[in-house]
Amino acid sequence: MSLAILLAVLVVALGALAQRLSGMGFALVAAPFLVLLLGPREGVILANLASAAVAALVLRRVFAQVEWRTYAWLVIPALIGIVPGALLATRLDPSWLELCIGTLLVAALLVSMFARPSSEGASGTTPKIVAGFFSGLSSAAAGISGPPISVYAMISRWPQHAFAATVQPFFLTLGVTSVVAKLLLEPAEWPDLPLWLWGALGVSLVVGISIGDVLASRVPVAAARAIMLALALLGALAVALHGLSTLLGV
């Protein structure tokens, strides 16, 4: 088994663990490294698929706490945002796509890290529509949908338990729809992986979530989120620098 395959299985497990502990984070942790290991197109599709699978597994545990009305306000503009995101993902040169994915990730993470709650909390439908649209766009283009929703949760003072539950069907919907949109535009982008590796990745998802179940009551959400963001930022910088160095011929 090659080092790249071992690393792919490991980052998928770490991403699943992050999502179980903080409600989101699979794509933030796993997507940058999957892009580096598999390339910007296949890596993003795999990140979308795995993100949807993790969300489905976590959703079973938090279904009763989902705010379906908020989900609807977020997911409708997100589905619209998937269209330009899928066009970017299937039309850009791979090196430019890597640079764009890395840069988008870094920018989104920095905004998410430094966003502060509004004194009164953002209200109305406009913040939901904006967050949903950009979440859909970044899901299809870069394999991540969390940062815009995380920023919305921060400025709107969305309670953590409701946020962590409601984003699971949201990530599930976006992951599946992003893959379908990109395969309709470019069917050849389906990751060409052996069947046993698909099985190994599936097992790593379950292992990551199971470890998260054990640690959920012991690890503070703030600590889990800080570690997740640090890993995601390192991965995003690596993707951006790899794309830039390829473009420059370094």
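So, a few notes on the structure that sits alongside this text.

Reading the values: the criteria
Residues numbered from 1 in each chain as written. Predicted model: local features only at pLDDT ≥ 70, side-chain atom pairs only at ≥ 80, totals over all residues. Heavy atoms only, no water. Helix = DSSP H or I, 4+ residues; strand = E, 2+ residues; numbered from the N terminus. Rg over C-alpha atoms; globule rule 2.2 N^0.38 Å. Contact = heavy atoms within 4.5 Å. Core = buried A, V, L, I, M, F, W, Y, C linked by side-chain atoms within 4.5 Å. Buried < 20%, exposed > 50% of the residue type's maximum accessible area, 1.4 Å probe, protein only. 1 Å grid on protein atoms, 1.4 Å probe; cavity = no way out; pocket = protein on both sides within 12 Å on 5 of 7 lines; lining within 4 Å. Points joined across faces, edges and corners; volume = space filled by probe spheres on them. Patch = residues over 30% accessible without salt bridge, like charges linked within 9 Å, V, L, I, M, F, W, Y side chains within 5 Å. Areas by Shrake-Rupley, 256 points an atom, 1.4 Å probe, with all protein chains shown as cover. Salt bridge = Lys/Arg side-chain N within 4 Å of Asp/Glu carboxyl O.

Our focus in this paragraph is the overall build of the chain. When helices and strands are counted, the chain shows ten helices and zero strands. Secondary structure elements in the chain, listed N-terminal to C-terminal, are α-α-α-α-α-α-α-α-α-α. The C-alpha atoms of the chain give a radius of gyration of 17 Å, which matches the 18 Å a tight globule of 250 residues would have. Considering only C-alpha atoms, the chain reaches an extent of 50 × 35 × 30 Å along its principal axes. Across the chain, every contact between residues at least 6 apart in sequence was considered, and the portion connecting residues at least 24 apart equals 85%.

So, about the nonpolar core. Core analysis: the largest hydrophobic core is formed by 62 residues, its most contacted members being Leu28, Leu34, Ile101, Ile149, Trp158 and Phe170. In terms of residues, this core owes the most to one element, helix 3 (residues 40-62), which gives nine residues. If sequence neighbours within four positions are ignored, Trp158 has contacts with Glu67, Thr70, Leu74, Ile149, Tyr152, Ala153, Phe163 and Thr166.

Take empty space enclosed by the protein next. This structure, assessed with the given rule, holds two cavities of 30 Å³ or more. Here the largest cavity defines a volume of roughly 60 Å³. If you go around the largest cavity, the residues you meet are Gln19, Met24, Gly25, Phe26, Ala27, Leu28, Ser51, Ile144, Ser145, Gly146 and Phe171. Sort the elements by how many residues they give to the lining of the largest cavity and helix 2 (residues 26-38) lands first, with three residues.

A few words now on a nonpolar patch on the surface. Nonpolar side chains collect at one region of the surface, where Trp96, Leu237, Leu241, Leu244, Leu247 and Leu248 lie side by side and expose about 580 Å² of accessible area between them. With five residues, the single largest contributor to the nonpolar patch is helix 10 (residues 221-248). Within the secondary structure layout, Trp96 lies in helix 5 (residues 94-114).

Applying the stated criterion across every chain, the model contains two salt bridges. In this structure, Asp213 and Arg20 form a salt bridge, with 2.4 Å as the shortest nitrogen-oxygen distance. Taken together, the residues span a long stretch of sequence, with Asp213 in helix 9 (residues 195-215) and Arg20 in helix 1 (residues 3-22) at a distance of 193 residues. With relative accessibility at 29%, the residue Asp213 sits in the partly exposed group. Arg20 gets classed as partly exposed once you look at its relative accessible area, which sits at 22%. Taking the shortest distance from any N to any O, the salt bridge between Arg61 and Asp213 comes out at 2.9 Å. One end of the pair, Arg61, is in helix 3; the other, Asp213, is in helix 9, with 152 residues separating them in the sequence.

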